[in-house]
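# A structural walkthrough
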Amino acid sequence: MIEATHVVAETGPTAPVKAILIGGLVGGVLDLGFAFTAWALRGLGPADILRSIASGLLGPAARSGFAPVPLGLVSHFLLSFLFAAAFVLIAARIAPLGRQSPWLAGPLYGVAVYFVMNRIVLPLSNFAVPAGGMSLSFADLASHMFLFGLPVALAAHRWARGDS
């Protein structure tokens, strides 16, 4: 009986907001953790990664100083919450598959996020995109699928399923 009451309380008007906040936070933390780990193996520290993220806004000026570090962190999570919000809105309004099958929809959404980031967001930003565009990274793609898309879809499934 406690579980039924708990579920009812989780499907009110704030449920989509909770799905966005929790999905965006968990997906953002896991994605950033992957980036920190993958780049640490190449000798770059977390501050370098966050400066790289901030370079999307600041360009080459983000390479030095401390100010780009928190800007990179804020930028990363802002994008994470925006992508989580897009999923929640799509799942609630357009594609009920996102709510019914998060184990499939999440990784598929992660693929979409990966390509939107690498083919649209980064080239339109001040980030130094190599000539010829960003190369396909299967590890980064898998990260977006399972460490970002899946947590966002699971959060939407858990908290936004009561809203149609």
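The structure this text deals with has already been given above.
Residues numbered from 1 in each chain as written. Predicted model: local features only at pLDDT ≥ 70, side-chain atom pairs only at ≥ 80, totals over all residues. Heavy atoms only, no water.

Helix and strand counts for the protein come out as seven helices and zero strands. Each helix (α) and strand (β) of the protein, taken in turn from the N terminus, gives the series α-α-α-α-α-α-α. By residue count, 38% of the 164 residues in the protein fall in the buried class. Across the protein, the fraction of contacts at a sequence separation of at least 24, relative to all contacts at a separation of at least 6, is 69%. When the accessible area of the protein is evaluated, it comes to approximately 9,000 Å², of which 74% is carbon and sulfur surface. (Helix = DSSP H or I, 4+ residues; strand = E, 2+ residues; numbered from the N terminus. Buried < 20%, exposed > 50% of the residue type's maximum accessible area, 1.4 Å probe, protein only. Contact = heavy atoms within 4.5 Å. Areas by Shrake-Rupley, 256 points an atom, 1.4 Å probe, with all protein chains shown as cover.)

Moving on, we come to the nonpolar core. Grouped together as the largest cluster of nonpolar side chains are 18 residues, with contacts concentrated most on F83, F87, Y109, V113 and F148. Elements with a contribution of two residues or more to this core: helix 2 (15-40), helix 4 (68-93), helix 6 (102-124) and helix 7 (138-159). Setting aside residues no more than four positions away along its own chain, V113 makes contact with F83, H144 and F148. (Core = buried A, V, L, I, M, F, W, Y, C linked by side-chain atoms within 4.5 Å.)

Next up on the list: the environment of L58. Mapped onto the elements, L58 comes out in helix 3 (residues 46-58). Along the chain, L58 and P68 lie 10 residues apart, while their C-alpha atoms are 8.1 Å from each other. Apart from residues lying up to four places away in sequence, L58 is in contact with P68, L71 and N126.

Before going further, it helps to spend a moment on the packing of aromatic side chains. Applying the stated criterion to the full structure yields three aromatic pairs. Consider the rings of F77 and F81, whose centres lie 6.4 Å apart with planes at 40°: the pair is tilted. Highlighted residues: F77 and F81, both in helix 4, separated by four residues, approximately one helical turn. Exposure remark for F77: the relative accessible area of 14% places this residue in the buried category. (Phe/Tyr/Trp six-rings, centres within 6.5 Å; stacked < 30°, edge-to-face > 60°.)

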